[in-house]
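Survey of secondary and tertiary structure
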Amino acid sequence: MGVNGSVLAIDAGNSKTDVALIGEDGTVLSTARGGGFQPPVVGIGTAVDVLGSAVERVLDSAGADAGSVAHVSACLANADLPVEEEQLTEALRARGWGRTVEVRNDTFAILRAGADEPRGVAVVCGAGINCVGMVPDGRTARFPAIGRISGDWGGGSGLSEEAMWFASRAEDGRGEPTELARTLPAHFGLGSMYALIEALHLGRIAQERRHELSPVLFTTAAAGDAVARGLVDRLAEEVVALSSVALSRLGLLDEAAPVVLGGSVLAARHPQLDDRIGELLAVRAPKAVVRVVQEPPVLGAGLLGLDHTGAAPEVHARLRTQYV
């Protein structure tokens, strides 16, 4: 099968990887799913091996040879800084999967999946929080997004930690009362914050399960708890701060530019959060057009690849129809 003008699209998150081989006419020739991409944990070489397993299956399924692909468009988790993108670009180029390679942070895939052209801003709130923006001339706006040391606040993990902080202080008297002191431990079948703290500290509840408390926070807020509602409002403020600064950096504040929202927290469509984001954006970026992305990020990686190869608009449109 001829794939000389094809794009190998890779969307790799911490928990899973999606790969698609896209023909030069925008047709999806084959797809595969692989494991999570975590170079900080396993090293770049081992992490790229995980991608390689899925890539090999995609190429084999399409009857294509490694190196016959025109362009590799890889949107990768943990590619948070330009220097990390450069390192990963070299690592993927060394595998010989395509004649050209472009690596971006995975937030760019969500932005491109949710925007009709490579123009706009995306805020992603899943385990963490991140924001990127781009315009057709190649300029981008981004933040380091590596935690509190880079000024970040929010994300499922951060919200769970903040909720526990307020709940713990409410229970022992250092802080104001909040229903979180009851609802958070109740999620794990426990009767007090002390019991939850002990269970987490001693490992009876795995640390990675703390993210389960983020939905509990939103449920408690929806029931009217003032402390929980305050945390939801603060997250809205962070989303708007990120998006409005990115729009400003790209000169898009005075245009009807898309603000694409993605990630598990924002995709859950919590009414209080959605409403507050809308209210704040109406003040700081009144022309912004908010959209919660529903399409898979691998579509965005594919569209970025077609942008790179100069594919015609109808090719982009054909690719989109296959991910509706």
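Overview of the structure. (Residues numbered from 1 in each chain as written. Predicted model: local features only at pLDDT ≥ 70, side-chain atom pairs only at ≥ 80, totals over all residues. Heavy atoms only, no water.)

The next thing to look at is the packing of helix α4 (residues 107–114) against helix α12 (residues 297–309). Running from amino to carboxyl end, α4 crosses α12 at an angle of 80 degrees, the nearest separation of the two axes being 7 Å. Accordingly, the angle class assigned to the pair α4 and α12 is roughly perpendicular. Between α4 and α12, the residues in contact are Phe108, Ala109, Ile110, Arg112 and Ala113 and Pro297, Leu299, Gly300, Ala301, Leu303, Leu304 and Asp307, respectively. Within the contact of α4 with α12, the residues separate by chemical class into 9 nonpolar, 1 polar and 2 charged. (Axes fitted to C-alpha atoms, helices over the stretch in contact; angles between N-to-C directions. Helix = DSSP H or I, 4+ residues; strand = E, 2+ residues; numbered from the N terminus. Parallel < 35°, antiparallel > 145°, perpendicular 65-115°, else oblique. Contact = heavy atoms within 4.5 Å. Nonpolar A, V, L, I, M, F, W, Y, C, P; charged D, E, K, R; others polar.)

Where two aromatic rings form a pair, the distance of their centres and the angle of their planes describe that pair. In total, this model carries 1 aromatic pair according to the counting rule given. On the basis of an interplanar angle of 80 degrees and a centroid distance of 4.9 Å, the ring pair of Trp165 and Phe166 is categorised as edge-to-face. Overall, the relative accessible area of 45% leaves Trp165 in the partly exposed class. Classification of Phe166 as partly exposed rests on a relative accessible area of 23%. The ring of Phe108 has Arg104 lying over it, and the distance from NZ or CZ to the ring centre is 5.2 Å. The lysine or arginine in question, Arg249, covers the ring of Phe143, its NZ or CZ lying 4.6 Å from the ring centre. (Phe/Tyr/Trp six-rings, centres within 6.5 Å; stacked < 30°, edge-to-face > 60°. Buried < 20%, exposed > 50% of the residue type's maximum accessible area, 1.4 Å probe, protein only. Lys NZ or Arg CZ within 6 Å of the ring centre and 35° of its normal.)

It is worth spelling out unusual backbone geometry at this point. A positive phi angle is found at Ala145, which is not glycine, with a value near 55 degrees. Overall, the relative accessible area of 14% leaves Ala145 in the buried class. Within the chain, Arg269 stands out as a residue other than glycine whose phi angle is a positive 55 degrees. Residue Arg269 is classed as partly exposed on the basis of its relative accessible area, which comes to 43%.

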